[in-house]
Amino acid sequence: DTGVSQNPRHKITKRGQNVTFRCDPISEHNRLYWYRQTLGQGPEFLTYFQNEAQLEKSRLLSDRFSAERPKGSFSTLEIQRTEQGDSAMYLCASSLAGINEKLFFGSGTQLSVL
Amino acid sequence: GQQVMQIPQYQHVQEGEDFTTYCNSSTTLSNIQWYKQRPGGHPVFLIQLVKSGEVKKQKRLTFQFGEAKKNSSLHITATQTTDVGTYFCVEGSNYKLTFGKGTLLTVNP
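First, a word on what this report is: a plain description of the structure on this page. Since we're looking at a predicted model, the values are computed, not measured.

What counts, and at which threshold
Residues numbered from 1 in each chain as written. Chains lettered and ligands numbered in written order. Predicted model: local features only at pLDDT ≥ 70, side-chain atom pairs only at ≥ 80, totals over all residues. Heavy atoms only, no water. Pairing = 2+ DSSP bridges. Helix = DSSP H or I, 4+ residues; strand = E, 2+ residues; numbered from the N terminus. Axes fitted to C-alpha atoms, helices over the stretch in contact; angles between N-to-C directions. Contact = heavy atoms within 4.5 Å. Polar contact = N/O pair within 3.5 Å; in protein donor to acceptor, adjacent residues only side chain to side chain. Buried area = accessible area lost by both parts, 1.4 Å probe. Salt bridge = Lys/Arg side-chain N within 4 Å of Asp/Glu carboxyl O. Nonpolar A, V, L, I, M, F, W, Y, C, P; charged D, E, K, R; others polar. Phe/Tyr/Trp six-rings, centres within 6.5 Å; stacked < 30°, edge-to-face > 60°. Buried < 20%, exposed > 50% of the residue type's maximum accessible area, 1.4 Å probe, protein only. Lys NZ or Arg CZ within 6 Å of the ring centre and 35° of its normal.

A look at the sheet that holds strand β1 (residues 5–7) of chain A
All names here are of chain A.
Then comes step 1: Here four strands make up an open sheet; going across it, the order is β1-β3-β8-β7 and the pairing antiparallel. One side of each edge strand has no neighbouring strand; the edge strands of this open sheet are β1 and β7 (65–68). Neighbour to neighbour, the strand axes of the sheet diverge by 15° on average, direction disregarded.
Then comes step 2: One ladder, built from five bridges, connects strand β3 (residues 19–24) with strand β8 (residues 75–79); its direction is antiparallel.

A word on the environment of Ser-52 of chain B
Residues and elements named next belong to chain B.
Then comes step 1: Structurally, Ser-52 can be placed in the loop between β5 (44–49) and β6 (55–58).
Then comes step 2: On a C-alpha basis, the gap between Ser-52 and Ser-26 in space is 16 Å, while along the polypeptide they are 26 residues apart.
Then comes step 3: Other than its neighbours up to four places away in sequence, Ser-52 contacts Phe-65, Gly-66, Glu-67, Ala-68 and Lys-69.
Then comes step 4: A polar atom in the side chain of Ser-52 sits 2.4 Å from the backbone oxygen of Glu-67.

Some thoughts on the sheet that holds β6 of chain B
Hydrogen bonds along the backbone pair up the strands of a sheet, which may run parallel or antiparallel.
Residues and elements named next belong to chain B.
Then comes step 1: Sheet architecture is open: five strands sit in the order β1-β3-β8-β7-β6, paired in antiparallel fashion. In the strand order of this sheet, the two ends are held by β1 (5–7) and β6, each with one partner. Put simply, the sheet's adjacent strands are angled 15° from each other on average, direction ignored.
Then comes step 2: Pairing geometry for β1 and strand β3 (residues 19–24), over three bridges, is antiparallel.

Some points on the interface of chain B and chain A
Then comes step 1: Opposite the 14 residues of chain B that make contact, chain A presents 21 residues.
Then comes step 2: A combined buried area of about 1,500 Å² lies between chain B and chain A, and 54% of that area is made up of carbon and sulfur atoms.
Then comes step 3: In this assembly, chain B and chain A are joined by zero salt bridges.
Then comes step 4: Mapped by element, the contributors of at least two residues to the side of chain B that touches chain A are β4 (32–37), β5 and β10 (96–99) of chain B.
Then comes step 5: A breakdown of the residues in the side of chain B that touches chain A according to their chemical character gives seven nonpolar, five polar and two charged.

Quick look at the packing of aromatic side chains
In this description, an aromatic ring pair is defined by two values, namely the gap between the centres and the angle between the planes.
Then comes step 1: Under the criterion given, the structure shown has 13 aromatic pairs over all chains.
Then comes step 2: Geometrically, the ring pair formed by Tyr-35 of chain A and Phe-105 of chain A is tilted, given 5.8 Å between the ring centres and 50° between the ring planes. Taken as a pair, Tyr-35 of chain A in strand β4 (residues 31–37) and Phe-105 of chain A in strand β10 (residues 104–105) lie far apart in primary sequence, 70 residues in all.
Then comes step 3: Classification of Phe-105 of chain A as buried rests on a relative accessible area of 6%.
Then comes step 4: Each ring, one from Phe-19 of chain B and one from Tyr-87 of chain B, has its centre 5.9 Å from the other, and the planes form 45°; the classification is tilted. Of the two residues, Phe-19 of chain B is situated in strand β3 and Tyr-87 of chain B in strand β9 (residues 85–93); the sequence distance between them amounts to 68 residues.
Then comes step 5: A relative accessible area of 1% means that Tyr-87 of chain B is categorised as buried.
Then comes step 6: Connected via pairs of aromatic rings, a cluster forms that spans Tyr-33, Tyr-35, Phe-45, Tyr-48 and Phe-105 of chain A together with Tyr-35, Phe-45, Phe-88 and Phe-99 of chain B.
Then comes step 7: Lying across the ring of Phe-74 of chain A, Arg-22 of chain A places its NZ or CZ 3.9 Å from the centre.

No statement about biological role is implied by the geometric values presented.
Here it is in structure tokens:
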């Protein structure tokens, strides 16, 4: 168990640029989540995959955000035409579906939009 | 997910003092999870409570789920500097785990 891995750890970009983050979940986990966290706030749900299917996307997520999990393993989160308000920590978590389901988080990608 | 309210937002204690954070919901919760996030770190799972009135202990930490399954608490006995961090209660309906705003605990050595 190598844990949930996220890359890059930090990303600085200029407003209007596109960025893509990657998440590698724990290998046997079938569920994958993306959360966003700003300073002093709890993680905010963005989207969720069960295997390769994206089952829910937060209403707070604009159409500039897209996530994929093409083979039910790693996932990518892309933000197009970044805005300063997109600056946040983007956290990925994975879990194994079941009664005692618990989330294992990665260390996150810190995005700064200048 | 349903909205859970957590109080207090901040708590500063002297090392050795006890600490409690509370999580409340206006509706019945299917289950509640607790996570801890150290400064600069990511949330780490602590415990899940499912049954009405459930009490679970982990060393100096005691977790409770209310009889009506509308509230939960985390109590730390004799805090240590290693307890510093933000404690989140998380309501989990089906798959969508909704985090509260958390309680930031700081401990003065």
